[in-house]
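# Observations on chain architecture
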Amino acid sequence: MNFYVASLGYRVNSETPGRIFAKYGAGMSAEVITDKFSECSRDFEFVEISDEAVANKTIEKLNSSEYDGKEITVSIAGAKTECSNQRRDIGNTDYRGNSRRY
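Small disclaimer: the values here were computed from a predicted structure and weren't measured.

Here is what the cut-offs are and how they apply
Residues numbered from 1 in each chain as written. Predicted model: local features only at pLDDT ≥ 70, side-chain atom pairs only at ≥ 80, totals over all residues. Heavy atoms only, no water. Phe/Tyr/Trp six-rings, centres within 6.5 Å; stacked < 30°, edge-to-face > 60°. Helix = DSSP H or I, 4+ residues; strand = E, 2+ residues; numbered from the N terminus. Buried < 20%, exposed > 50% of the residue type's maximum accessible area, 1.4 Å probe, protein only. Salt bridge = Lys/Arg side-chain N within 4 Å of Asp/Glu carboxyl O.

### Some words on the packing of aromatic side chains
- By the definition in use, this model includes three aromatic pairs.
- Residues Tyr4 and Phe44 carry aromatic rings whose centres are separated by 5.6 Å and whose planes lie at 45° to one another, so their mutual orientation is tilted. Within this pair, whereas Tyr4 is found in strand S1 (residues 2-6), its partner Phe44 is found in strand S3 (residues 41-49), the two being separated by 40 residues in sequence.
- Residue classification places Phe44 among the buried positions, given a relative accessible area of 19%.
- A residue is classified by how much of its surface remains accessible, and Tyr4, at 26% relative accessible area, is partly exposed.
- Each member of the aromatic cluster is reached from another via a ring pair, and the members are Tyr4, Phe44 and Phe46.

Set out below in structure tokens:
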């Protein structure tokens, strides 16, 4: 089961999930989301725990708990969606969607 963890702070690194979630279950994997330019944490991560019962218990225990002086949010992650990279022609239309090109 995958879940989303928010408000961890910007000092989070790849070792942080192990410290937070290790006591709740084995079979855990985590991905700290980082900014692609600065490589600093984006203040959230995704965690996967293989046992659904353990994952639900972990969410229940950690949601609204405090970590590093901040209240963290833990919830079930939504399904991963594909991002469309289609270029949209913004700025070349009027308010009705008609082209303003010559």
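What follows continues from the structure just given.
### Details of the pattern of salt bridges
- Applying the stated rule across the entire model yields one salt bridge.
- For Lys70, the salt bridge is made with Asp43, and the minimal N-O distance between the two is 3.6 Å. Residue Lys70 is found in strand S5 (residues 70-71), and its partner Asp43 is found in strand S3; the two are separated by 27 residues along the sequence.
- Looking at Lys70, the relative accessible area reads 30%, which means it is partly exposed.

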